[in-house]
Amino acid sequence: MTSRVRTRFAPSPTGDLHLGGAWTALASWVLARARGGRVVLRVEDLDPPRVVAGSAARVAEDLTWLGLDWDEGPDVGGPFAPYTQSERAARYAAAVDALDALGLVYPCDCSRKDIARAASAPHAGEELRYPGTCRDAPRGRAMKREPALRLRVPTDARVGFDDGARGRLDQDVARDVGDFVLRRADGVYAYQLAVAVDDAHMQITHVVRAVDLLASTPRQLLLLRLLGMHEPSYVHVPLVLDADGRRLAKRAPRETVRALREAGVTPAQILGRLAQGLGLRDTDEPATAAEITRDAESREIAWTRDDWRAPTTWE
Ligand code: GLU
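Now for a description of the structure that goes with this document. (Residues numbered from 1 in each chain as written. Predicted model: local features only at pLDDT ≥ 70, side-chain atom pairs only at ≥ 80, totals over all residues. Heavy atoms only, no water.)

Some words on the pattern of salt bridges
Under the criterion given, the structure shown has 31 salt bridges. Arginine 42 is the partner of aspartate 198 in a salt bridge, and the nearest nitrogen-oxygen pair spans 3.7 Å. On the criterion of sequence distance, the pair formed by aspartate 198 in helix H6 (residues 191-201) and arginine 42 in the loop between strand E2 (38-41) and helix H2 (55-66) is long-range, its members being 156 residues apart. Arginine 42 carries the same exposure label as aspartate 198, and that label is buried. When salt bridges with common partners are traced through the structure, they connect Arg8, Arg42, Glu44, Arg88, Asp198 and Asp199 into a single cluster. (Salt bridge = Lys/Arg side-chain N within 4 Å of Asp/Glu carboxyl O. Helix = DSSP H or I, 4+ residues; strand = E, 2+ residues; numbered from the N terminus. Buried < 20%, exposed > 50% of the residue type's maximum accessible area, 1.4 Å probe, protein only.)

In structure tokens:
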């Protein structure tokens, strides 16, 4: 196990890099660089219908234009290659097998409709909790359709952790989430499983990502604890919002790094604004990645908890 800081940026290649992506990339990059650590680029292309051809290369190009580099990744390789999730299925399969050997995996042929009918109505903003319909169904029964594989979440699965930006958090995974999917019916490994396995295998010490993934962290930690794998620390940074206060979507072409670049905005202008928003600097003056790192070296990073509005003007 390494003691050196290792962070990762894990874009899904579903469109151009927008300011929200640049925001989390900068946060994880600075955390590693300010501590003499390493940065990993991992392409999360597990969901074939969402992948946009050429997008991974364009995102890498935009990061490079911003001045954010990486030590390991699909293009440069590294000790934990491959760094593209679609090439890592054997690792995910091995993790599911290991959980199965512990008696913690079962097939589920419920449709979405079945689940919606059986589950109690979720409160606004909550995910539907799987009611456990297939949990105790006899093994070897006839399936209505190709089954998904679910984790049999132990009833005592209370998962606590200290988030670098949000403090102490904990969740009762059995009560709040229920038995979650490890492999979808179409054979695609679930985000929760793939990310947990990859972060552990790649010896990531700090997972830096946006707060919209905070609710996933207890599931990922639960998987790592059940598998006896290395647990990273987590830092969940706030969201980047558009001028109307909505979450930046990939469909917001005005806020892509590429559009800003074409409009004549410089990397230092973008990074300077992002760095102030994140709590890495006191001013929003233009700054290079190296300058932002130098500031972060000399103090504890005080991650902000406030969502940040993307600027509408860049002068
Ligand atoms: N691939 C995910 C995304 O682009 C990020 C996953 C993570 O950071 O855990 O939204």
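Brief notes about the side chain of threonine 217
Counting through the fold element by element, threonine 217 comes out in helix H7 (residues 217-227). For threonine 217, the side chain forms a polar contact with the side chain of arginine 209, separated by 2.8 Å. (Polar contact = N/O pair within 3.5 Å; in protein donor to acceptor, adjacent residues only side chain to side chain.)

A short note on the pairing of E2
Note: strand E1 (residues 6-9) against E2, four bridges, orientation parallel. Its bridge partner being in E2, phenylalanine 9 is matched across the sheet by leucine 41. With respect to chirality, the unit in which E1 leads through helix H1 (residues 19-33) into the neighbouring parallel E2 is right-handed. (Pairing = 2+ DSSP bridges. Right-handed = clockwise from strand over helix to strand, strands pointing away.)

Some words on the site of the ligand
With respect to spatial proximity, the complete set of residues near the ligand consists of Arg8, Ala10, Pro11, Ser12, Glu44, Tyr191, Val195, Arg209 and Leu213. One of the side-chain nitrogen or oxygen atoms of glutamate 44 is found 2.6 Å away from a nitrogen atom of the ligand. For the ligand, whose unbound accessible area comes to 300 Å², protein coverage reaches 75%. Residue composition of the shell around the ligand, grouped by class: five nonpolar, one polar and three charged. (Near = heavy atom within 4 Å. Areas by Shrake-Rupley, 256 points an atom, 1.4 Å probe, with all protein chains shown as cover. Nonpolar A, V, L, I, M, F, W, Y, C, P; charged D, E, K, R; others polar.)

Section: the sheet that holds strand E4 (residues 148-151)
Pairing in this open sheet of three strands is antiparallel, and the strands run E3-E4-E7 from one edge to the other. This sheet does not close on itself; its edge strands, each paired only once, are strand E3 (105-108) and strand E7 (181-183). Pairs of neighbouring strands in the sheet enclose a mean axial angle of 45°, with direction left out of account. Alignment of E4 against E7, held across two bridges, turns out to be antiparallel. Within E7, the position partnered with leucine 149 by the bridge is arginine 183. (Axes fitted to C-alpha atoms, helices over the stretch in contact; angles between N-to-C directions.)

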